[in-house]
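Next come the chains, spelled out residue by residue.
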Amino acid sequence: RKEVEQDPGPFNVPEGATVAFNCTYSNSASQSFFWYRQDCRKEPKLLMSVYSSGNEDGRFTAQLNRASQYISLLIRDSKLSDSATYLCVVNLGTGGFKTIFGAGTRLFVKA
Amino acid sequence: EAGVAQSPRYKIIEKRQSVAFWCNPISGHATLYWYQQILGQGPKLLIQFQNNGVVDDSQLPKDRFSAERLKGVDSTLKIQPAKLEDSAVYLCASSLVAGGQYEQYFGPGTRLTVT
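Scope of this entry: the structure provided in the associated data block. Since the model is a prediction, treat every value here as computed from it, not as a measurement. (Residues numbered from 1 in each chain as written. Chains lettered and ligands numbered in written order. Predicted model: local features only at pLDDT ≥ 70, side-chain atom pairs only at ≥ 80, totals over all residues. Heavy atoms only, no water.)

### Regarding the sheet that holds strand S7 (residues 60-65) of chain A
Residues and elements named next belong to chain A.
- On the basis of which strands lie adjacent, the open sheet formed by 5 strands has the order S1-S3-S8-S7-S6 and antiparallel pairing. Either end of the sheet is taken by a strand with one partner, and the two such strands are strand S1 (4-6) and strand S6 (55-57). Averaged over all pairs of adjacent strands, the angle between their axes in this sheet comes to 15°, without regard to strand direction.
- One ladder, built from 3 bridges, connects S1 with strand S3 (residues 19-25); its direction is antiparallel. Its bridge partner being in S3, Val4 is matched across the sheet by Tyr25. (Pairing = 2+ DSSP bridges. Helix = DSSP H or I, 4+ residues; strand = E, 2+ residues; numbered from the N terminus. Axes fitted to C-alpha atoms, helices over the stretch in contact; angles between N-to-C directions.)

### Considering the sheet that holds strand S7 (residues 65-68) of chain B
Residue and element names in this part refer to chain B.
- Pairing is antiparallel in the open sheet, where 4 strands are placed in the order S1-S3-S8-S7. Of all the strands in the sheet, the pair left with one neighbour each is strand S1 (5-7) and S7. Strand-to-strand twist of the sheet, defined as the mean angle between neighbouring strand axes without regard to direction, takes the value 15°.
- Judged from the 3 bridges that link them, S1 and strand S3 (residues 19-24) form a sheet pairing that is antiparallel. Bridging across to S3, Gln6 finds its partner in Cys23.

### Looking at the interface of chain A and chain B
- Listed as interface residues are 23 residues of chain A and, on the opposing side, 25 residues of chain B.
- Counting each side, the surface lost to burial between chain A and chain B is near 1,800 Å², with a carbon and sulfur contribution of 49%.
- Seen at the junction of chain A and chain B, the total is 3 residue pairs in polar contact (both at pLDDT 80 or more).
- If one sorts the elements of the side of chain A that touches chain B by residue count, strand S4 (residues 30-38) of chain A sits on top with 6 residues.
- When grouped by side-chain class, the residues that make up the side of chain A that touches chain B number 11 nonpolar, 9 polar and 3 charged. (Contact = heavy atoms within 4.5 Å. Buried area = accessible area lost by both parts, 1.4 Å probe. Polar contact = N/O pair within 3.5 Å; in protein donor to acceptor, adjacent residues only side chain to side chain. Nonpolar A, V, L, I, M, F, W, Y, C, P; charged D, E, K, R; others polar.)

### Quick look at the environment of Ser94(B)
Residue and element names in this part refer to chain B.
- Within the fold, Ser94 resides in strand S9 (residues 88-95).
- Ser94 gets classed as buried once you look at its relative accessible area, which sits at 0%.
- As for Ser94 and Ile26, which are separated by 68 residues in sequence, their C-alpha atoms are 6.6 Å apart.
- Here Ser94 is in contact with Val4, Pro25, Ile26, His29, Thr31, Leu32, Tyr33, Glu103, Gln104 and Tyr105, once residues within four sequence places are set aside.
- A distance of 3.4 Å separates a polar atom in the side chain of Ser94 from the backbone nitrogen of Ile26. (Buried < 20%, exposed > 50% of the residue type's maximum accessible area, 1.4 Å probe, protein only.)

### Points about the state of the cysteines
- For the coordinates displayed, the defined rule picks out 2 disulfides over all chains.
- Each disulfide pairs two cysteine sulfurs, and for Cys23(A) the partner residue is Cys88(A), the sulfurs being separated by 2.0 Å. What sets the handedness of the Cys23(A) and Cys88(A) disulfide is the S-S torsion sign, and at about -75° it is left-handed. You can see Cys23(A) sitting in strand S3 and its partner Cys88(A) sitting in strand S9 (residues 84-92), a full 65 residues away along the chain. As far as burial versus exposure is concerned, Cys23(A) and Cys88(A) are alike and both buried.
- For Cys23(B), the disulfide goes to Cys92(B), at an S-S distance of 1.9 Å. Across the S-S bond of Cys23(B) and Cys92(B) the torsion is about -70°, and the bridge reads as left-handed. Of this pair, Cys23(B) sits in strand S3 while Cys92(B) is found in strand S9, placing the two residues 69 residues apart along the sequence. Neither residue differs from the other here; Cys23(B) and Cys92(B) are each classed as buried. (Disulfide = S-S within 2.5 Å.)

This is how it looks when you write it as structure tokens:
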């Protein structure tokens, strides 16, 4: 089992749609969680951190369920510019806070 | 604020040759990471430094890869000898410290092609 697993893509959605991505992690020692965005042939950039209480940033909402070891990202009112790969990222709480990236989920938003 | 710098941006070598990549992190960032990203996959952590000490190198193929971070600032990653499966983008990232909710800032990467 992979340490961080994400929904297989790609997701193809029309503008204005709501889309949700899921991510599961296997190590219960995981301490902090993030969603990064990676555009084609570009470096990853932080989209948002994920907090236990859930957090929202504009059209983006992230949720964490520690009991189920599950993270989600919801995008409302999708824009063409949201087309990218979304990477789920987990920091372990041990071993120097090792970082593990998921394989990513590709999103295509179409007009 | 200057971002993470990497060079070269592109490199094409033949198998069995050697190659080195350079990274200059954001000033003041104690933690530096090297990742390998193969096409269609997420970044895989190769090595993580805290200042000039190695925190994690469990996924670094030590028979051919080496990395150092002298004086706790710049870092170099070397591959010797290269194999075809080393073709990938090598990303350097830095963060203020490791762990917590600290963001990692990535450089533009070095795209390596091994022929």
